[in-house]
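# Structural characterization, general
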Amino acid sequence: MHISEGVLSSPVLFTGGAITAVGTAVGLKSLDYDKIMTVAMLTATFFVASLIHVPIGPGNVHLILGGLMGIVLGWGCFPAILTALFLQAIFFHYGGLTVIGVNTSTMALPALFCYYIFRPWIKNNGNKRKIAAFCCGFFSILFSSLIMALALATTDTGFLGVAKLVIAAHLPLMVIEGIITMFTVLFLSKVQPEFLGIGD
Amino acid sequence: MMDEDFAQGTSLLHHIDSRIKIVVAFFLVGIIAVTDNFTVIALALAVSLVLLTVARLPVTLVAKRLVAANSFIFFLWLTLPLTYGGELVYQTSLFSISHEGIILSALITLKTNTIVLTIIALLATSTIASLGHALEGLRLPGRLCFLLLFSYRYIFVIHQEYLRLSRAAKMRCFQPATNIHTYKTVAYLFGMTLVKSYNRGARIHQAMLLRGFNGHLIPLTSHRMNRNDIVFLFMGLTASAALVFLHFT
């Protein structure tokens, strides 16, 4: 779930915007025109992931896969997420353009965390890779919901109740994202290891 | 799914240069986002309604978009009045409704809808392609605009690719449910989509190099600024300045 327009206070909006601007600048610097085509395709693919709904009990949730995006793209996840959110804001009016900085930071900071912490583990074979991939999906959503709660709570103390609810609502999603990220990584490690940077 | 419903049209707004529309939208939306003054927002709402009328967009479609944009707002209405605290207007042993909570929810609802309407009127009346080139014209990093244009170009292709895989799964009697088998299947389908798009990206890059790609995309249509654009820019900036003035008085 993204925070929509008009909810957050201006200091929070500016902070999110600044983080996203710096992250995107660093991310773009690391992409030259040889790599950018792959990143554009992956951005489109992750956008498609957000259209995939998986059942959970009576309802369903859509995939986010921020953690996977982080370990595949590294700093490139900032421009990629920014682009995907821009398209979502224009097409579906989920999230929005004034909060695009905050929403990008919400997803990209945990993705970057996964890149630095779990990516080295992914290179191991066997159970270590499984656990790292699961954690990647799990913690990216956990941290996203924490950052989102933080953004809400620093806007206005009255949002504390909403912030807690946001974290609670994301709990089942963490487990599902963990499982799906784990299976996707296992699949990729067999089918196209160089995609994950595994030099088998 | 993702048709550019509002981008086709012959109204005045459709003919304004996308760069101008982005600049005006930037200022208008920026002011609405930072203000918490009901008068300013009401006036901004009036401006956005005028813009919508000028753009002559189908009302039912705009309403549908508004419903989608209000999902988070709905969530806020469910929680804020109950949890905000402060002065209470209604109280039972189970729950209480706070006055400030209602005011805040109303403010946020107004702000959200005003911003969304402004964006529909100004930005959704341009195609993504022209927005991408316009952003480049406004000196945004070329690579970011490239990323926007190309990922937009291939979203449809990749979505078709995924749908083909999931159709194949369906034909083999795959029924989604809440179990590991479903998650595993979806993960494999998505993994296959990733692999395909990764390889497709490499092929497209080679094909573009063969055709002399040097990192610069050339727009198919070039737009020269005319008098309408300048007048619109002037009016947009005046409206924004008036709103800023109201905000501070």
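Residues numbered from 1 in each chain as written. Chains lettered and ligands numbered in written order. Predicted model: local features only at pLDDT ≥ 70, side-chain atom pairs only at ≥ 80, totals over all residues. Heavy atoms only, no water.

Bringing the pairing of strand E2 (residues 59-62) of chain A into the picture now. Within a regular strand, side chains alternate between the sheet's two faces. Residues and elements named next belong to chain A. Judged from the 4 bridges that link them, strand E1 (residues 53-56) and E2 form a sheet pairing that is antiparallel. Bridged to Val54 within E2 is Val61. Following E1, the chain reverses through 2 residues before pairing antiparallel with E2; Gly57 in that reversal takes a positive phi of roughly 55°. (Pairing = 2+ DSSP bridges. Helix = DSSP H or I, 4+ residues; strand = E, 2+ residues; numbered from the N terminus.)

All names here are of chain A. Summed over the entire model, instances satisfying the criterion amount to 5 cavities of 30 Å³ or more. Empty space within the largest cavity amounts to approximately 280 Å³. In terms of lining residues, the largest cavity is bounded by 21 residues, among which His2, His62, Ile64, Leu85 and Met107 are the most central. Among the elements of the structure, helix H2 (36-49), helix H4 (77-91), helix H5 (100-117) and helix H7 (127-155) are those that each provide at least two residues to the lining of the largest cavity. Within the lining of the largest cavity, the residues separate by chemical class into 12 nonpolar, 9 polar and no charged. (1 Å grid on protein atoms, 1.4 Å probe; cavity = no way out; pocket = protein on both sides within 12 Å on 5 of 7 lines; lining within 4 Å. Points joined across faces, edges and corners; volume = space filled by probe spheres on them. Nonpolar A, V, L, I, M, F, W, Y, C, P; charged D, E, K, R; others polar.)

A few words now on the interface of chain A and chain B. At the interface, 73 residues of chain A touch 70 residues of chain B. Buried surface at the junction of chain A and chain B, both sides included, amounts to about 6400 Å², of which 81% is carbon and sulfur. Our count for the chain A to chain B interface comes out at 0 salt bridges. Here chain A is connected to chain B by 10 residue pairs in polar contact (both at pLDDT 80 or more). (Contact = heavy atoms within 4.5 Å. Buried area = accessible area lost by both parts, 1.4 Å probe. Salt bridge = Lys/Arg side-chain N within 4 Å of Asp/Glu carboxyl O. Polar contact = N/O pair within 3.5 Å; in protein donor to acceptor, adjacent residues only side chain to side chain.)

What follows covers the packing of aromatic side chains. One pass over the structure, following the stated rule, counts 21 aromatic pairs over all chains. Measuring from ring centre to ring centre gives 6.1 Å for Trp75(A) and Phe78(A), while their planes differ by 20°; the resulting arrangement is stacked. Given the relative accessible area of 28%, Trp75(A) is considered partly exposed. Geometrically, the ring pair formed by Phe118(A) and Trp121(A) is edge-to-face, given 6.1 Å between the ring centres and 75° between the ring planes. Judged by its relative accessible area of 6%, Phe118(A) falls in the buried class. The cationic tip of Arg153(B) hangs over the ring face of Tyr154(B); the distance from NZ or CZ to the ring centre is 4.5 Å. (Phe/Tyr/Trp six-rings, centres within 6.5 Å; stacked < 30°, edge-to-face > 60°. Buried < 20%, exposed > 50% of the residue type's maximum accessible area, 1.4 Å probe, protein only. Lys NZ or Arg CZ within 6 Å of the ring centre and 35° of its normal.)

All names here are of chain B. Its identity is not glycine, yet Arg56 carries a phi of approximately 50°, on the positive side. You can see Arg56 is positioned in the loop between helix H3 (38-55) and helix H4 (59-69). The exposed category is assigned to Arg56, whose relative accessible area is 59%. The phi dihedral of Arg139 is positive, around 70°, even though this residue is not glycine. Among the structural elements, Arg139 can be located in the loop between helix H7 (128-137) and helix H8 (142-171).

Glancing now at the pattern of salt bridges. All names here are of chain B. According to the stated counting rule, one finds 4 salt bridges over all chains in the structure shown. Here Arg19 and Asp17 are joined by a salt bridge, their closest N and O atoms 2.8 Å apart. On the basis of relative accessible area, Arg19 is assigned to the partly exposed category, the value being 25%. With a relative accessible area of 4%, Asp17 lands in the buried category. In this structure, the salt-bridge partner of Arg164 is Glu161, at a minimum N-O distance of 3.2 Å. With Arg164 and Glu161 both in helix H8 and 3 residues apart, this pair spans about one turn of that helix. Look at Arg164 and you get partly exposed, because its relative accessible area is 47%. Given a relative accessible area of 8%, Glu161 falls into the buried group.

Turning next to the domain arrangement of chain B. Annotation of chain B at the domain level lists domain 1 (12-126 + 223-248) and domain 2 (141-210). For domain 1 of chain B versus domain 2 of chain B, the separation of C-alpha centres amounts to 35 Å. (Domains from an automatic or database assignment.)

With that out of the way, let us pick up the packing of H2(A) against H8(B). With their axes 7 Å apart at the nearest point, H2(A) and H8(B) run at an angle of 50° to one another. By the angle class used here, H2(A) and H8(B) are oblique. Classified by chirality, the crossing of H8(B) by H2(A) is right-handed. Of H8(B), the residues touching H2(A) (which contributes Ile36(A), Met37(A), Val39(A), Ala40(A), Met41(A), Thr43(A), Ala44(A), Thr45(A), Phe47(A) and Val48(A)) are Arg143(B), Phe146(B), Leu147(B), Phe150(B), Ser151(B), Tyr154(B), Ile155(B), Ile158(B), His159(B) and Tyr162(B). When the residues that make up the contact of H2(A) with H8(B) are grouped by side-chain class, the tally is 15 nonpolar, 4 polar and 1 charged. (Axes fitted to C-alpha atoms, helices over the stretch in contact; angles between N-to-C directions. Parallel < 35°, antiparallel > 145°, perpendicular 65-115°, else oblique. Left-handed = near helix turned anticlockwise from the far one by under 90°.)

With that settled, the discussion passes to the layout of surface pockets. Taken as a whole, the largest pocket encloses approximately 1200 Å³ of empty space. Lining the largest pocket are 37 residues, and of these Leu97(A), Thr98(A), Ile100(A), Gly101(A) and Phe26(B) sit closest to its centre. Of all the secondary-structure elements, those providing two or more residues to the lining of the largest pocket are helix H1 (10-30), H4 and H5 of chain A together with helix H2 (18-34), H7 and H8 of chain B. Of the residues contributing to the lining of the largest pocket, the split by class is 29 nonpolar, 8 polar and no charged. Looking at which domains feed residues into the lining of the largest pocket, each of domain 1 (12-126 + 223-248) and domain 2 (141-210) of chain B gives three or more.

Residues and elements named next belong to chain B. Its place among the elements puts Val244 in helix H10 (residues 227-248). Looking at Val244, the relative accessible area reads 33%, which means it is partly exposed. For the pair Val244 and Lys196, spaced 48 residues apart in sequence, the C-alpha separation works out to 50 Å.

Within the largest apolar cluster, 147 residues are counted, with the highest numbers of intra-cluster contacts made by Leu8(A), Leu68(A), Leu152(A), Phe159(A), Ile180(A) and Leu76(B). Setting aside anything within four residues of it in sequence, one finds Leu152(A) in contact with Ile3(A), Val7(A), Leu8(A), Phe159(A), Val162(A), Ala163(A) and Val166(A). (Core = buried A, V, L, I, M, F, W, Y, C linked by side-chain atoms within 4.5 Å.)

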